[in-house]
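# Remarks on the overall topology
These are the residues of each chain, in order.
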Amino acid sequence: MAKAAGEKIENAIGLEGHDPEEIKSNLLAQYPPKVARKRAKQIVVNKVDPDGGVPVIGSNVRTVPGLMSQRGCCYAGCKGVVLGPTRDIVNITHGPVGCGFYSWLTRRNQTDPGTTADGHNFMTYCFTTDMQDQEIIFGGEKKLKQAIQEAYDNFHPKAIAVFSTCPVGLIGDDVHSVCREMKAKLGINIFGFSCEGYKGVSQSAGHHIANNGIFTHVVGTDDTVKEGDFKINMLGEYNIGGDAFEIERLLDLCGFTLISTYSGNSSIDFFANSHTADLNLIMCHRSINYVAEMMEKKYGIPWLKINFIGGAATAKSLRKMAAYFEDETLKARVESVIADELPEVEKAAAEIRPRTQDKRAMLFVGGSRAHHYQELFAELGMKTLSAGYEFAHRDDYEGRRVLPDIKVDADSRNIEELEIEADPEKFNPRKSGSQIKSLGHKGVGFSDYKGMMPQMDDGALVIDDISQHETDKMIAWFKPDIFCAGIKEKYTIQKHGIPLKQLHSYDYGGPYAGFRGAVNFYKEIDRMVNSRIWGYLKAPWQQNPELAAKYGTD
Ligand code: CFM
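Residues numbered from 1 in each chain as written. Predicted model: local features only at pLDDT ≥ 70, side-chain atom pairs only at ≥ 80, totals over all residues. Heavy atoms only, no water.

## Details of the sheet that holds strand E5 (residues 189–193)
We count it as follows: Pairs of strands are assigned from DSSP output, requiring at least two bridges between the strands. Strands here mean DSSP runs of E at least two residues long; helices mean DSSP runs of H or I at least four residues long; both are numbered from the N terminus. The contact criterion used throughout is that any non-hydrogen atoms of two residues lie within 4.5 Å. In this description, a line fitted to the C-alpha atoms serves as the axis of each element, helices being fitted only across the stretch in contact, and the angle between N-to-C directions of two axes falls anywhere from 0 to 180 degrees.
Taken in spatial order, the four strands line up as E3-E2-E4-E5 in an open sheet, and their pairing is parallel. Every interior strand has two partners, whereas the edge strands, strand E3 (127–128) and E5, have only one. As paired elements, strand E2 (residues 89–94) and strand E4 (residues 159–164) share six bridges and run parallel to each other. The residue bridging His 94 from the neighbouring strand is Ser 164, located in E4. Helix H6 (residues 141–155) rests against E2, E3, E4 and E5 of the sheet, and its axis sits at about 155° to E2.

Rendered as structure tokens:
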């Protein structure tokens, strides 16, 4: 869990005595003036005020065309990230075959169909309408209807979702009316998303659209109250490399009842019923805070930001959850789980730390991991020199305190904000105002996320939507011991002789969440930063430059 504002992640230092402002101007030096002005707002030298305030960072803005970005698209955020991990919805990509194929199982979100009675798991299939010239010219609605019918006939799923790719918006197919028609015809839940790839500035737009869609079409449709105490939902945990399995193991041991995860190891049935939980926990704030906010307004369920990445963070999160329920038996059980498991984790870190102490990391990932994983590196005595998100918003960097100051621009205005009101029958505030207040005094901070920057050291460079050019420069100047990013960056960085750990897919590893996950991560990082192979590596161009190029500005 985030430390108090202004409290530093141990060992996070600035830029090793370099003047960060100078580094920043060197990063910008190659750009044309207009581009440099824009990027200057997104490259910030961190400085934490005593009250936790940090400088404003430009984020959630369009990438300058021509800069190589790490970002994905709106469709990826909606279909791939939020809905993709739900095993028993047939997710149909309405569009050309590539959009469906390249978003098929590349994220390593795992699932266990054994936990739902019908055992449905459609994640191993790739469903697409495979649009051709014919549909682009004459419209694709007919083919979409056929695809829905065919999926229904073959699989008899309880739900089908349709995801729009760029051409669908361009030719004007009305996926929503097709879904309504097929829902009436087939009698199962069928709903569509207008998540065309070009919407918004990144996959972040797709998260919001997905949140709106699940909330409108699924949440609250099953009022069955399940057996069990201390009912919770886990929001923004996607079971990459089995993370959710490890978290579920801990929740079980502690005695919490998990109603739904959004959306790792999930079933649509869990979402339908999730308004019966008494607490929402947000793991990844960026991708799913909208559902938490809407559930609070409509059903009266409060939310807490937690973090299961890092041994200490895991223990802190479990304690905070127990404090919320104000139950002594639960608190004792949580303490005994921590007492059983945390010492092993600390022992593993202590054994490895002499080999990792003072090694230096850079993290440029998504919208939450560039923050969370700094905890694990700190536990190994490592330093974060520089970090940034691909597509997060100011609140993920600076904390939710800046929400009222965030300017709405044309791109964000395009994404619908649902008007939510308290449900006349189902609204039931789980805690009274005075309870919320008194828990707040005990450190249970409701509806709050302090963001990444208040936890980083003064002088560290925070870079939003880092470009390949900036990445190359940072690597050449600092030669970090490890760089964390994704598959698109991996091999260019490794050709520099720097190991890259994928924090999206985990490079076939994981889980890294919870107590056991932390130990896995320590071992992996020990292996990577201490492998001598990187020092021997010579990229072909270092020995024999084969290709020379100039920038347009040269
Ligand atoms: Fe949330 Fe994610 Fe992330 Fe994300 Fe992602 Fe991901 Fe990510 Mo890749 S939901 S913001 S859109 S934690 S797929 S599981 S790793 S960029 S940091």
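## A short note on a positive patch on the surface
Threshold: Like-charged residues are merged into a patch within 9 Å and nonpolar side chains (Val, Leu, Ile, Met, Phe, Trp, Tyr) within 5 Å, provided each residue has over 30% relative accessible area and no salt bridge. Accessible areas in this description were obtained via Shrake-Rupley with a 1.4 Å probe; residue shielding takes into account the shown protein chains only. By definition here, a salt bridge exists when the distance from a side-chain nitrogen of Lys or Arg to a carboxyl oxygen of Asp or Glu is within 4 Å. Under the convention used here, Asp and Glu are negative, Lys and Arg are positive, and both His and the chain ends fall outside the count. The atom standing in for a charge is NZ when the residue is Lys, CZ when it is Arg, CG when it is Asp and CD when it is Glu.
Judged by side-chain charge, Lys 34, Arg 37, Lys 41 and Lys 407 come together as a positively charged surface patch. Of note, Lys 407 is situated in the loop between helix H16 (394–398) and helix H17 (410–413).

## Remarks on the pattern of salt bridges
As a working rule, side chains carrying opposite charge can pair if their charged atoms are close by. The condition is simple: Relative accessibility thresholds used throughout: buried, under 20% of the residue-type maximum; exposed, over 50%; partly exposed, between the two (1.4 Å probe, protein chains only).
Per the counting criterion, the structure on display carries 29 salt bridges. Its salt-bridge partner being Lys 158, residue Asp 88 comes within 3.1 Å of it at the nearest N-O pair. Taken together, the residues span a long stretch of sequence, with Asp 88 in the loop between helix H3 (74–83) and E2 and Lys 158 in the loop between H6 and E4 at a distance of 70 residues. According to the relative accessible area criterion, Asp 88 is buried, its value standing at 0%.

## Some words on the environment of Val 178
Of note, Val 178 is situated in helix H8 (residues 175–186). The class for Val 178 is buried, based on a relative accessible area of 1%. For the pair formed by Val 178 and Leu 144, sequence separation is 34 residues and the distance between their alpha carbons is 7.7 Å. Residues in contact with Val 178, not counting those within four places in the same chain, are Glu 141, Leu 144, Lys 145 and Ile 148.

## Some points on the nonpolar core
Going by this rule: For the purposes of this section, nonpolar cores are sets of buried Ala, Val, Leu, Ile, Met, Phe, Trp, Tyr and Cys residues that join through side-chain atoms within 4.5 Å.
Phe 256 and Leu 318 are the most contacted members of the largest nonpolar core, which totals 111 residues. For this core, the leading source of residues is helix H14 (residues 328–356), giving nine residues. Sequence-distant contacts of Leu 318, that is, excluding residues within four places in its chain, are made with Leu 251, Cys 254, Phe 256, Phe 308, Val 334, Ile 338 and Phe 515.

## Regarding the pairing of E2
With six of six residues buried, E2 is to be regarded as a mostly interior element. Burial along E2 is two-sided: the residues Ile 89, Asn 91 and Thr 93 and Val 90, Ile 92 and His 94 are all buried. Bridge count between E2 and E3: two bridges; the pairing is parallel. Looking across to E3, one finds that Ile 92 is bridged to Phe 127.

## A short note on the packing of H6 against H8
To be explicit about the condition: In a left-handed crossing the near helix is turned counterclockwise from the far helix by less than a right angle, and in a right-handed crossing that turn is clockwise. Polar here means any residue other than Ala, Val, Leu, Ile, Met, Phe, Trp, Tyr, Cys and Pro, which are nonpolar, and Asp, Glu, Lys and Arg, which are charged; Gly is therefore polar.
One can describe the packing of H6 onto H8 by two numbers: an axis separation of 10 Å at closest approach and a directional angle of 35°. Seen from above, H6 lies across H8 with right-handed handedness. Between H6, through Glu 141, Leu 144, Lys 145, Ile 148, Gln 149 and Tyr 152, and H8, the contact on the second element is made entirely by Val 175, Val 178, Glu 181, Met 182, Lys 185 and Leu 186. Of the residues in the contact of H6 with H8, the class split is seven nonpolar, one polar and four charged.

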